[in-house]
Amino acid sequence: MKIGALDGGTSYHYVALHQPPFNQYIDRTIYLPELAEADLDDLDVLIVTCRSHPEQLRRNADKLQAFLAQGKTLMIMGETEPQTWMPGIEQEAVPLNYWWWLEPDGEFDLEVASPDHSIWQYLSLADMTWHYHGLLNPPETATPLLVHKETGQAVLWTDDHFHGGRVLVTSLDPFFHHGSHFMPATTRFLHGFFQWLNA
(Lines give C-alpha, C1' and ligand atoms only; values in the text may rest on other atoms or scores of the structure.)
Protein backbone atom coordinates (compact mmCIF):
# COMPACT_ATOMS: atom_id res chain seq x y z
CA MET A 1 0.00 0.00 0.00
CA LYS A 2 1.44 3.36 -1.05
CA ILE A 3 0.65 6.34 1.15
CA GLY A 4 0.84 9.95 0.00
CA ALA A 5 0.38 13.10 2.07
CA LEU A 6 -0.30 16.71 1.20
CA ASP A 7 2.48 19.09 2.26
CA GLY A 8 1.38 22.69 2.68
CA GLY A 9 4.96 23.91 2.94
CA THR A 10 4.72 24.95 6.60
CA SER A 11 7.23 24.11 9.31
CA TYR A 12 4.79 21.74 11.04
CA HIS A 13 4.11 19.90 7.79
CA TYR A 14 7.85 19.54 7.24
CA VAL A 15 8.49 18.16 10.72
CA ALA A 16 5.52 15.78 10.64
CA LEU A 17 6.00 14.48 7.10
CA HIS A 18 9.74 14.62 6.38
CA GLN A 19 11.35 13.80 9.71
CA PRO A 20 11.34 10.67 11.90
CA PRO A 21 9.39 8.93 13.19
CA PHE A 22 6.53 9.31 10.70
CA ASN A 23 8.37 9.89 7.44
CA GLN A 24 8.96 6.11 7.29
CA TYR A 25 5.24 5.59 6.65
CA ILE A 26 4.89 8.10 3.81
CA ASP A 27 5.91 7.03 0.32
CA ARG A 28 5.43 10.43 -1.28
CA THR A 29 4.51 13.96 -0.33
CA ILE A 30 2.66 16.26 -2.70
CA TYR A 31 3.28 19.98 -2.36
CA LEU A 32 -0.24 21.36 -2.07
CA PRO A 33 0.12 24.23 -4.61
CA GLU A 34 1.22 21.58 -7.15
CA LEU A 35 -1.65 19.17 -6.48
CA ALA A 36 -3.47 20.06 -9.71
CA GLU A 37 -0.53 18.79 -11.80
CA ALA A 38 0.37 15.85 -9.54
CA ASP A 39 -0.09 12.26 -10.69
CA LEU A 40 -1.81 10.29 -7.91
CA ASP A 41 -2.24 7.04 -9.83
CA ASP A 42 0.46 5.20 -7.86
CA LEU A 43 -1.08 6.04 -4.48
CA ASP A 44 -3.55 3.90 -2.57
CA VAL A 45 -4.01 6.40 0.28
CA LEU A 46 -3.86 10.18 0.32
CA ILE A 47 -3.72 12.07 3.63
CA VAL A 48 -5.14 15.58 3.59
CA THR A 49 -3.02 16.87 6.46
CA CYS A 50 -4.21 19.28 9.14
CA ARG A 51 -4.49 22.90 8.10
CA SER A 52 -3.88 22.24 4.44
CA HIS A 53 -5.15 25.46 2.86
CA PRO A 54 -8.89 25.05 2.22
CA GLU A 55 -8.90 27.26 -0.87
CA GLN A 56 -6.24 25.07 -2.47
CA LEU A 57 -8.36 22.02 -1.64
CA ARG A 58 -11.47 23.64 -3.12
CA ARG A 59 -9.56 24.29 -6.35
CA ASN A 60 -8.74 20.57 -6.47
CA ALA A 61 -12.12 19.25 -5.35
CA ASP A 62 -12.71 17.32 -8.58
CA LYS A 63 -9.32 15.64 -8.30
CA LEU A 64 -9.86 14.61 -4.69
CA GLN A 65 -13.34 13.29 -5.48
CA ALA A 66 -11.96 11.36 -8.47
CA PHE A 67 -9.31 9.80 -6.23
CA LEU A 68 -12.06 8.34 -4.04
CA ALA A 69 -14.11 7.26 -7.06
CA GLN A 70 -11.21 5.01 -8.10
CA GLY A 71 -11.79 2.97 -4.94
CA LYS A 72 -8.91 4.58 -3.07
CA THR A 73 -8.62 5.89 0.50
CA LEU A 74 -8.73 9.54 1.55
CA MET A 75 -7.80 10.56 5.11
CA ILE A 76 -9.08 14.06 5.92
CA MET A 77 -7.70 15.84 8.98
CA GLY A 78 -8.85 18.91 10.91
CA GLU A 79 -8.95 22.56 9.87
CA THR A 80 -9.29 21.76 6.16
CA GLU A 81 -12.99 22.76 5.74
CA PRO A 82 -13.91 19.47 4.00
CA GLN A 83 -17.58 20.42 3.94
CA THR A 84 -16.69 22.99 1.25
CA TRP A 85 -14.97 20.60 -1.16
CA MET A 86 -16.31 17.08 -0.55
CA PRO A 87 -20.04 16.37 -0.98
CA GLY A 88 -21.53 14.37 1.86
CA ILE A 89 -19.37 15.86 4.61
CA GLU A 90 -21.17 18.11 7.09
CA GLN A 91 -19.25 20.02 9.75
CA GLU A 92 -20.49 22.56 12.27
CA ALA A 93 -18.30 25.18 13.91
CA VAL A 94 -18.33 25.10 17.72
CA PRO A 95 -16.53 27.21 20.34
CA LEU A 96 -12.99 25.93 20.77
CA ASN A 97 -11.88 25.28 24.34
CA TYR A 98 -8.10 24.88 24.46
CA TRP A 99 -7.95 24.92 28.25
CA TRP A 100 -10.77 22.62 29.40
CA TRP A 101 -8.27 20.60 31.47
CA LEU A 102 -7.38 23.70 33.55
CA GLU A 103 -10.98 24.40 34.52
CA PRO A 104 -12.39 23.24 37.88
CA ASP A 105 -13.87 19.79 37.26
CA GLY A 106 -12.75 20.09 33.65
CA GLU A 107 -13.68 17.00 31.65
CA PHE A 108 -13.10 16.12 28.00
CA ASP A 109 -16.50 16.01 26.32
CA LEU A 110 -15.84 13.24 23.78
CA GLU A 111 -16.21 9.48 24.06
CA VAL A 112 -15.44 6.34 22.10
CA ALA A 113 -18.05 5.03 19.67
CA SER A 114 -18.05 1.72 17.78
CA PRO A 115 -15.58 0.16 20.26
CA ASP A 116 -15.25 -3.00 18.15
CA HIS A 117 -13.77 -1.07 15.22
CA SER A 118 -10.21 -2.07 14.33
CA ILE A 119 -8.82 1.43 14.98
CA TRP A 120 -9.25 0.88 18.73
CA GLN A 121 -6.67 -1.90 18.61
CA TYR A 122 -4.09 0.84 17.95
CA LEU A 123 -5.54 3.94 19.61
CA SER A 124 -7.22 4.87 22.88
CA LEU A 125 -9.39 7.80 23.92
CA ALA A 126 -6.35 9.26 25.73
CA ASP A 127 -4.51 9.36 22.38
CA MET A 128 -7.30 11.57 21.02
CA THR A 129 -7.68 13.85 24.00
CA TRP A 130 -6.57 17.43 23.36
CA HIS A 131 -9.26 19.52 21.59
CA TYR A 132 -11.20 19.49 18.33
CA HIS A 133 -12.18 21.93 15.59
CA GLY A 134 -15.86 21.36 14.88
CA LEU A 135 -18.51 18.65 15.05
CA LEU A 136 -19.33 16.38 12.12
CA ASN A 137 -22.65 14.91 11.02
CA PRO A 138 -21.70 11.59 9.38
CA PRO A 139 -23.77 10.04 6.58
CA GLU A 140 -25.95 7.06 7.47
CA THR A 141 -23.44 4.64 5.94
CA ALA A 142 -20.60 5.92 8.13
CA THR A 143 -19.17 4.43 11.32
CA PRO A 144 -18.70 7.09 14.03
CA LEU A 145 -15.57 6.46 16.09
CA LEU A 146 -15.27 9.47 18.40
CA VAL A 147 -18.40 11.39 19.38
CA HIS A 148 -19.57 14.30 21.51
CA LYS A 149 -21.09 13.02 24.75
CA GLU A 150 -24.12 15.33 24.66
CA THR A 151 -24.99 15.74 20.98
CA GLY A 152 -23.76 12.43 19.59
CA GLN A 153 -22.12 14.28 16.71
CA ALA A 154 -18.81 12.89 15.53
CA VAL A 155 -15.27 14.21 15.73
CA LEU A 156 -13.95 11.14 13.89
CA TRP A 157 -15.81 8.89 11.47
CA THR A 158 -15.03 6.47 8.67
CA ASP A 159 -16.92 5.04 5.73
CA ASP A 160 -15.70 2.21 3.50
CA HIS A 161 -18.22 3.05 0.75
CA PHE A 162 -18.01 6.82 0.36
CA HIS A 163 -18.19 8.05 -3.26
CA GLY A 164 -16.74 4.74 -4.35
CA GLY A 165 -13.80 4.72 -1.96
CA ARG A 166 -12.86 4.69 1.69
CA VAL A 167 -12.72 7.84 3.79
CA LEU A 168 -11.76 8.83 7.30
CA VAL A 169 -12.77 12.32 8.43
CA THR A 170 -11.80 14.07 11.66
CA SER A 171 -11.75 17.57 13.11
CA LEU A 172 -8.67 16.65 15.16
CA ASP A 173 -5.38 18.26 14.06
CA PRO A 174 -2.57 15.83 15.04
CA PHE A 175 -0.06 16.66 12.28
CA PHE A 176 -0.17 20.34 13.23
CA HIS A 177 0.49 19.77 16.92
CA HIS A 178 3.08 17.05 16.48
CA GLY A 179 4.90 19.21 13.93
CA SER A 180 4.67 22.21 16.27
CA HIS A 181 6.23 20.18 19.11
CA PHE A 182 3.38 20.42 21.59
CA MET A 183 0.46 18.24 22.68
CA PRO A 184 2.11 14.82 23.30
CA ALA A 185 -1.20 13.03 22.70
CA THR A 186 -0.99 14.00 19.03
CA THR A 187 2.29 12.12 18.63
CA ARG A 188 0.71 9.05 20.22
CA PHE A 189 -2.26 9.48 17.92
CA LEU A 190 -0.06 9.48 14.82
CA HIS A 191 1.85 6.40 15.98
CA GLY A 192 -1.42 4.47 16.34
CA PHE A 193 -2.97 6.00 13.23
CA PHE A 194 -0.14 4.91 10.94
CA GLN A 195 -0.01 1.43 12.47
CA TRP A 196 -3.76 1.04 11.93
CA LEU A 197 -3.53 2.40 8.40
CA ASN A 198 -0.81 -0.06 7.47
CA ALA A 199 -2.65 -2.95 9.09
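In what follows, the structure referred to is the one given above.
Anyway, here's the lowdown on the structure attached to this text. The structure displayed is predicted, hence computed values, not measured ones. (Residues numbered from 1 in each chain as written. Predicted model: local features only at pLDDT ≥ 70, side-chain atom pairs only at ≥ 80, totals over all residues. Heavy atoms only, no water.)

Attention now moves to unusual backbone geometry. The amide bond that connects P20 to the next residue, P21, takes the cis arrangement and shows omega of 10 degrees. Tracing the sequence through the fold places P21 in the loop between α1 (11-18) and β2 (28-31). The phi torsion at H163 lies on the positive side, around 55 degrees, for a residue other than glycine. Along the chain, H163 turns up in the loop between β9 (154-162) and β10 (165-170). The class for H163 is partly exposed, based on a relative accessible area of 42%. (Helix = DSSP H or I, 4+ residues; strand = E, 2+ residues; numbered from the N terminus. Buried < 20%, exposed > 50% of the residue type's maximum accessible area, 1.4 Å probe, protein only.)

Here we take up the environment of R59. Mapped onto the elements of the fold, R59 is located in helix α2 (residues 54-59). Taking the C-alpha atoms as reference, R59 lies 8.1 Å from A36; in sequence the two are 23 residues apart.

Over the atoms, a rolling probe the size of a water molecule traces out where space has been left empty. Counted as a void, the largest pocket has a volume near 200 Å³. Around the largest pocket sit 14 residues that line it, and P95, N97, W100, D109 and Y132 are the ones nearest its centre. (1 Å grid on protein atoms, 1.4 Å probe; cavity = no way out; pocket = protein on both sides within 12 Å on 5 of 7 lines; lining within 4 Å. Points joined across faces, edges and corners; volume = space filled by probe spheres on them.)

Let us now look at helix α5 (residues 184-198). Taking 1.5 Å per residue as the helical rise, α5 with its 15 residues ought to reach 21 Å, and the 22 Å between its terminal C-alpha atoms agrees with that figure. Tucked into the core, α5 has its buried residues touching β1 (3-7), β3 (45-48), β4 (73-76), β10 and α4 (174-179). (Expected span 1.5 Å × (residues − 1). Contact = heavy atoms within 4.5 Å.)

Side-chain direction in a regular strand flips from residue to residue, so the side chains alternate between the two faces of the sheet. Extensive coverage of β10 is indicated by the burial of 5 of its 6 residues. Sheet topology places β4 next to β10; 4 bridges connect them, and they run parallel. Counted as the bridge partner of T73 is R166 from β10. Bridge count for β9 against β10 is 5 bridges, and the pairing is antiparallel. The residue bridging F162 from the neighbouring strand is G165, located in β10. (Pairing = 2+ DSSP bridges.)

In the structure shown here, the tally under the stated rule is 11 aromatic pairs. Seen in terms of ring centroids, F108 and Y132 are 6.4 Å apart; in terms of plane orientation they differ by 70 degrees. Their pairing is edge-to-face. Of this pair, F108 sits in the loop between β5 (91-92) and β6 (110-112) while Y132 sits in the loop between β6 and β7 (135-136), placing them 24 residues apart in sequence. Across the pair, Y132 and F108 agree in class, each one buried. Taken together, a centroid distance of 6.4 Å and an interplanar angle of 80 degrees make the contact between F176 and F182 edge-to-face. Site record: aromatic cluster; members linked through ring pairs are F22, Y25, W130, F175, F189, F193, F194 and W196. Stacked on the ring of F176, the Lys or Arg R51 has its end atom at 3.6 Å from the ring centre. (Phe/Tyr/Trp six-rings, centres within 6.5 Å; stacked < 30°, edge-to-face > 60°. Lys NZ or Arg CZ within 6 Å of the ring centre and 35° of its normal.)

All right, on to the pairing of β1 then. Counting buried residues along β1, 5 of its 5 residues qualify, which places the element largely inside the surrounding structure. Of the two faces of β1, both are covered, the one formed by I3, A5 and D7 as well as the one formed by G4 and L6. The pairing of β1 with β3 spans 3 bridges and is parallel. Each residue of the ladder has a partner; that of A5, found in β3, is I47. Where β1 meets β2, 4 bridges bridge the pair, whose relative direction is parallel. Within the sheet, the bridge partner assigned to G4 lies in β2 and is R28. Traced from β1 through α1 to β2, the parallel crossover comes out right-handed. (Right-handed = clockwise from strand over helix to strand, strands pointing away.)

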